[in-house]
Amino acid sequence: MTAWVADLSLITPLFGLALTLSVYATALSVYANAGMPGPLHPVLVSTVAVGGILMLTGIPYSRYFEQTWLLHEGLGLFVVLLAVPLYRHMALIRSSSAMIGLALVIGSVAAVVTAIALPGFFGAELDIVATLLPKSSTTAIAVSVSERLDGIASLTAIVVITTGLFGAAFGPGLLAAAGIQDHRAVGLALGVASHAIGTARAFQISETAGTFASVGMILNGLLTILLAPAALALFTS
């Protein structure tokens, strides 16, 4: 069976795309029918499932990556489309600017401090600290910051994705348990802490939550670029 699947991936140029979409559609259906529990978040389940299939069949990741190029192009379009809800809710964003600024500073500083405190407590090397510092920003920004600080870029990418998956899976439940119901606050928290994956989850809650998650994701990425080098300098002083 696994050999047949591997052979199919050789002769079907869009096998990786079809595999990803079918696995995600199945995971999304299970997630919705089960009442949307955190551990069954479709991105988390799909990542594990596709990774397992690639390992079992021996399909090289490089081949899978080439066969999913449409998804990579679509991500760029998704980022552009974020401007639409931002424009629609611009008045609400402006009226909430004080809340956004306060939450952004607290969230970004907390992300950087935890990235330093935990590795520092266990005596981690400087490159590990640099690797973890940008964990709550988007992958592109995080990898760039990690490389500039002499971190391990490939490990940073894994940590960023894991952070996003955890936030998307458990963030809404934790926020609800804390009594936070304002969709602006929920979205902002998901965007600041869990970047693009958290933002996608926020849009499942409401357009308002998704809009504020987008704001949080964008601004936190910019703030991380400024905070990470300064935090690492303080860590080494």
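Here, residues in each chain are numbered from 1, in the same order as that chain's written sequence. It should be noted that, the model being predicted, local features are given only for residues of pLDDT at least 70 and side-chain atom pairs only at 80 or more, the latter also being counted only at that level, while totals for whole chains, interfaces and linings use all residues. Side-chain metrics rest on all non-hydrogen atoms present in the structure, leaving aside hydrogens and water.

**Q** Give me the lowdown on the side chain of Ser 206, citing residues and values where you can.
**A** Within the secondary structure, Ser 206 sits in the loop between helix 12 (183-205) and helix 13 (207-236). Each residue gets one of three labels from its accessible area relative to the maximum for its type: buried under 20%, exposed over 50%, partly exposed in between, using a 1.4 Å probe on protein chains only. Look at Ser 206 and you get buried, because its relative accessible area is 16%. By the criterion applied in these results, polar contacts are pairs of N or O atoms within 3.5 Å in which, for protein atoms, one can donate a hydrogen and the other can accept it, and in which residues neighboring in sequence qualify only through two side-chain atoms. One polar contact links the side chain of Ser 206 to the main-chain amide nitrogen of Ala 209, over a distance of 3.0 Å. In this description a helix means any DSSP run of H or I spanning at least four residues, a strand means any run of E spanning at least two, and both kinds are numbered starting from the N terminus.

**Q** Could you give me a rundown of helix 3 (residues 42-57), with the residues and numbers involved?
**A** Taking 1.5 Å of rise per residue, 16 residues should cover 22 Å, and helix 3 covers 22 Å from first to last C-alpha, within 8% of that figure. For helix 3, the full list of buried residues reads Pro 42, Ser 46, Val 50, Leu 54 and Thr 57. All buried residues of helix 3 project into a common sector of 90° when viewed along the axis, lining one side. Pointing more than 90 degrees away from the buried face of helix 3 are the exposed residues Val 48, Met 55 and Leu 56. Following helix 3 by one or two positions, Gly 58 has its phi on the positive side, about 75°. By definition here, a helix of n residues has an expected span of 1.5 Å times n minus one. Note: the arc covers the axis-to-C-beta directions of the helix.

**Q** Kindly report on the nonpolar core, identifying the contributing residues and their values.
**A** Counting residues in each nonpolar core, the largest one holds 13 residues, and the members touching the most others are Ile 116, Leu 133, Leu 149 and Leu 232. Of all elements in the fold, only helix 8 (97-121), helix 9 (126-132) and helix 13 reach the threshold of two or more residues within this core. Leaving out residues up to four positions away in the same chain, Leu 232 has contacts with Leu 126, Val 129, Ala 130, Leu 133 and Leu 149. Ranked by size, the runner-up nonpolar core spans eight residues in total, among them Leu 86, Ile 100, Leu 104 and Leu 188. In this description, a nonpolar core means a group of buried Ala, Val, Leu, Ile, Met, Phe, Trp, Tyr and Cys residues linked to one another through side-chain atoms lying within 4.5 Å. Should any heavy atoms of two residues lie within 4.5 Å, those residues are counted as being in contact.

**Q** Go over the side chain of Ser 108 with me, naming the residues and quoting the values.
**A** Mapped onto the elements of the fold, Ser 108 is located in helix 8. One polar contact links Ser 108 to Asn 220, side chain to side chain, over a distance of 2.5 Å. Other than its neighbours up to four places away in sequence, Ser 108 contacts Val 192, Asn 220, Leu 223 and Leu 227.

**Q** An account of the pattern of salt bridges is requested, with residue identities and associated values reported.
**A** Think of a salt bridge as a Lys or Arg side-chain nitrogen and an Asp or Glu carboxyl oxygen that are within 4 Å of each other. Within the structure shown, the criterion is met by two salt bridges. Across the pair Arg 88 and Glu 207 runs a salt bridge, and its minimum N-O distance is 2.8 Å. Taken together, the residues span a long stretch of sequence, with Arg 88 in helix 6 (residues 83-88) and Glu 207 in helix 13 at a distance of 119 residues. With a relative accessible area of 53%, Arg 88 lands in the exposed category. The closest approach of N and O atoms between Arg 184 and Asp 182, which form a salt bridge, is 2.8 Å.

**Q** So what's going on with empty space enclosed by the protein? Residues and values would help.
**A** A cavity, in this analysis, means grid points on a 1 Å lattice covering only the protein atoms where a 1.4 Å probe fits yet has no way out; a pocket is instead an open set bounded by protein on both sides within 12 Å along at least five of seven lines, and a residue lines either one if it has an atom within 4 Å of a point. Grid points are joined across faces, edges and corners, and a volume is the space filled by probe spheres set on the points. Applying the stated criterion across every chain yields a total of one cavity of 30 Å³ or more. Of the volumes computed, that of the largest cavity is approximately 40 Å³. Every residue lining the largest cavity is listed: Ser 108, Ala 111, Val 112, Leu 133, Pro 134, Lys 135, Ser 136, Ser 137, Asn 220 and Thr 224. Examining the composition of the lining of the largest cavity, we find that three residues originate from one element, helix 8, more than from any other.

**Q** Residues and numbers for the confidence of the model for the protein, please.
**A** Confidence scores here are pLDDT values: one per residue, from the predictor, ranging 0 to 100. Mean pLDDT for the protein: 85, with 94% of residues reaching 70 or above. When pLDDT is averaged over each helix and strand of the protein, the minimum, 53, is found for helix 1 (residues 2-11) and the maximum, 92, for helix 7 (residues 90-95).

**Q** So what's going on with the environment of Arg 201? Residues and values would help.
**A** With respect to the element layout, Arg 201 can be found in helix 12. Classification of Arg 201 as buried rests on a relative accessible area of 8%. Taking the C-alpha atoms as reference points, Arg 201 and Ala 213, separated by twelve residues in sequence, lie 9.1 Å from one another. Look past the residues within four positions of Arg 201 in its chain and what remains in contact with it is Tyr 31, Met 36, His 41, Ala 168 and Pro 172.

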